[in-house]
Amino acid sequence: GSHCEKSSIYFKNNAYTSIKVTINDSTVVVKSNDSVRYDGVIGSTITGTAYTYPYNDTFYHTSGIYHWNISGTCPSSGSISVPSDVDSSYFCLLINNNNYDATKSIHAEYVNYGLPSQTIDSVYVSGTNPNNIVIGYYRAFSNSNVRVSRSDTSIIQNVTLPGTKNQYYLAQF
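These remarks concern the structure in this document.

Conventions and cut-offs
All residue numbers refer to positions counted from 1 along the written sequence of the respective chain. In keeping with the predicted nature of the model, local features appear solely for residues at pLDDT of at least 70, side-chain atom pairs appear and are counted solely at 80 or more, and the whole-chain, interface and lining totals rest on all residues. Values reported for side chains reflect all heavy atoms of the structure, with hydrogen atoms and water molecules removed beforehand. Put simply, buried Ala, Val, Leu, Ile, Met, Phe, Trp, Tyr and Cys residues joined by side-chain atoms within 4.5 Å make one nonpolar core. Buried, partly exposed and exposed residues are distinguished by accessible area as a fraction of the type maximum, computed with a 1.4 Å probe on protein chains only: under 20%, between the cut-offs, and over 50%, respectively. Going along the chain from the N terminus, every DSSP run of H or I of four or more residues is numbered as a helix, and every run of E of two or more is numbered as a strand. Residue contacts follow a heavy-atom distance rule, with two residues in contact if any of their heavy atoms lie within 4.5 Å. Any two strands with at least two DSSP bridges between them are considered paired. Helix axes are fitted to C-alpha atoms over the stretch in contact, other axes to C-alpha atoms as well, and angles between N-to-C directions run from 0 to 180 degrees.

This paragraph deals with the nonpolar core. Within the largest apolar cluster, 21 residues are counted, with the highest numbers of intra-cluster contacts made by F11 and V21. Counting only elements with at least two residues in this core, the list comes to β1 (6–13), β2 (18–23), β4 (35–41), β5 (45–53), β6 (67–73) and β8 (90–96). Discounting chain neighbours no more than four positions away, the residues touching F11 are I23, D34, S35, V36, Y38, I46, I70, S71, G72, V82 and S84. One finds L93, V123, V148 and V159 within the second-largest nonpolar core, a separate group that totals 17 residues.

Attention shifts here to the sheet that holds strand β7 (residues 79–84). What the 3 strands build is an open sheet, ordered β4-β1-β7; its pairing is mixed. The two strands at the open ends of the sheet, each matched to only one other strand, are β4 and β7. Averaged over all neighbouring strand pairs, the angle between strand axes comes to 25 degrees, with direction disregarded. Pairing of β1 with β7 involves 6 bridges; the strand directions are parallel. Looking across to β7, one finds that Y10 is bridged to S81.

In this section: unusual backbone geometry. Most peptide bonds take the trans form, and the phi angle of most residues other than glycine is negative. Residue D25 is not a glycine yet carries a positive backbone phi of 60 degrees. For D25, the position within the fold is in the loop between β2 and β3 (26–30). In this structure, Y100 is a non-glycine residue whose phi angle is positive, near 60 degrees. Along the chain, Y100 turns up in the loop between β8 and β9 (106–111). Accessibility expressed as a relative area gives 68% for Y100, which makes it exposed.

Below, the structure is given as structure tokens:
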């Protein structure tokens, strides 16, 4: 009998968050810097969608999500790796709020404050957390900014970005 030769595509998640990848009505979560494997007939194209999945133990929100299409052609043998990148029109926001004062926790953040694409998310970042917390993906502009609300004040920072794929901004308070 005849058989179909198969090969594999690994879609590598280059985002700072986990992503959800959907191909053929099947969805999987792929952690940052991990890959998901799909097998197909040599020369066939595998297509699907991906989106960032901004979730951590403290909060989940929906405004920091980026969607994109993924596609790859199965190689003539073996496997290939196809990068899954977030384009330069978005950036990942990370927040560090290590001010050594538990009373100065962040409880809300705005991205692009005062601009047409302004978003607000209800987040909680402890005032004594030494880690960089991944918040999510937002539109990148030359005048992007981040505004946080703390129990003692509101703070705004202008965001400087390199204009590259998979870019991020670390807001430190």
